[in-house]
Amino acid sequence: FLSTNTTLRGINFANTKLDRSSSMLLTDFLSGNSSLRVLDLSSNAQVDDGSIGTILTAISSGGSQLSTLNISDAHFDGVEDLIGDNESITTAGVQRITTFVAQSSSLVTICLKMRSLNDEGIRALSDVIRGRDCKLGRLEISGTFGDNGLESIAEALKSNRSLRTIDIGNSVNLTDAGGHAILRVTSVNLNTWQQIMASNNTLRCVHLKSRPPPLL
């Protein structure tokens with residue numbers, strides 16, 4: 001079915017035991033389908049850097065203008081799931097994802113929940129948010145990033161004109177300082193028309209996931 005389908009607009013591979021070998025089987029479909037708009041690769045324990053590289057390369061070669069991309073590690077429910085060396089997508093995979101995002105100006109919704117999503121990965125996403133062609137309306141992120149990562153996003157938001165919702169989920173390295181940096185963008189004192197025009201005037205919702213208190 002997939003090998004001959006050139007008009008499919010959305011596909012959900014969440015919890016489907018997708019792995020590197022099955023990713024290879026999808027290359028013909030992905031590289032031959034320019035209509036794909038929604039792709040969900042979440043919650044597959046065997047999806048690794050190789051799988052991600054294969055899939056994203058095929059999408060790029062096929063010319064699809066994705067609007068929604070969802071990639072998350074398996075078993076990623078609470079902050080305790082961030083602890084330990086159990087990631088399937090490494091920092092190299094995150095870099096491949098952020099490069100793809102930077103080259104995909106059609107993206108409107110991005111959900112990235114990965115243990116290897118650190119400050120460096122968040123800074124790469126900040127560059128996308130800062131771009132003049134950015135169309136992102138919703139950004140959901142969870143990972144091991146900290147305050148420095150959120151401060152870079154806050155700085156990018158000052159010139160962004162598309163984001164309406166940011167959802168900041170689990171992160172073991174985050175303190176109140178990172179959250180405050182984001183919130184200050186939406187609560188600056190706008191006294192003049194010039195300040196209003198220079199501010200972020202599209203952000204409407206900021207979700208900050210509460211974290212459990214540190215163990216004593």
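Data block above holds the structure.
Residues numbered from 1 in each chain as written. Predicted model: local features only at pLDDT ≥ 70, side-chain atom pairs only at ≥ 80, totals over all residues. Heavy atoms only, no water.

**Student:** Describe the overall build of the protein chain, with residues and values.
**Tutor:** Counting its secondary structure elements, the protein chain contains eight helices and seven strands. Looking at the protein chain residue by residue over its 216 residues, the buried ones come to 48%. A sequence separation of at least 24 residues applies to 86% of the contacts in the protein chain between residues at least 6 apart. Within the structure as shown, the protein chain displays about 10,900 Å² of accessible surface, and the carbon and sulfur contribution to it stands at 51%. (Helix = DSSP H or I, 4+ residues; strand = E, 2+ residues; numbered from the N terminus. Buried < 20%, exposed > 50% of the residue type's maximum accessible area, 1.4 Å probe, protein only. Contact = heavy atoms within 4.5 Å. Areas by Shrake-Rupley, 256 points an atom, 1.4 Å probe, with all protein chains shown as cover.)

**Student:** Describe the packing of helix α4 (residues 91–102) against helix α5 (residues 119–130), with residues and values.
**Tutor:** Two quantities define a packed helix pair, namely the angle between the axes and the distance from one axis to the other. Running from N to C, α4 and α5 cross one another at 5°; their axes reach a closest spacing of 9 Å. Of the possible angle classes, the one that applies to α4 and α5 is roughly parallel. Contacts between α4 and α5 involve V94, T98, V101 and A102 from the first element and G121, A124, L125 and V128 from the second. Here the contact of α4 with α5 is built from residues that sort into six nonpolar, two polar and no charged. (Axes fitted to C-alpha atoms, helices over the stretch in contact; angles between N-to-C directions. Parallel < 35°, antiparallel > 145°, perpendicular 65-115°, else oblique. Nonpolar A, V, L, I, M, F, W, Y, C, P; charged D, E, K, R; others polar.)

**Student:** Tell me what's going on with the packing of helix α3 (residues 49–62) against α4, and back it up with residues and numbers.
**Tutor:** Axis separation between α3 and α4 bottoms out at 9 Å; the angle between their running directions is 15°. The orientation of α3 relative to α4 falls into the category roughly parallel. Between α3 and α4 lies a crossing of left-handed hand. Across the interface between the two elements, D49, I52, G53, L56, T57, I59 and S60 of α3 pack against A92, G93, R96, I97 and F100 of α4. (Left-handed = near helix turned anticlockwise from the far one by under 90°.)

Shape descriptors only; they carry no functional weight alone.
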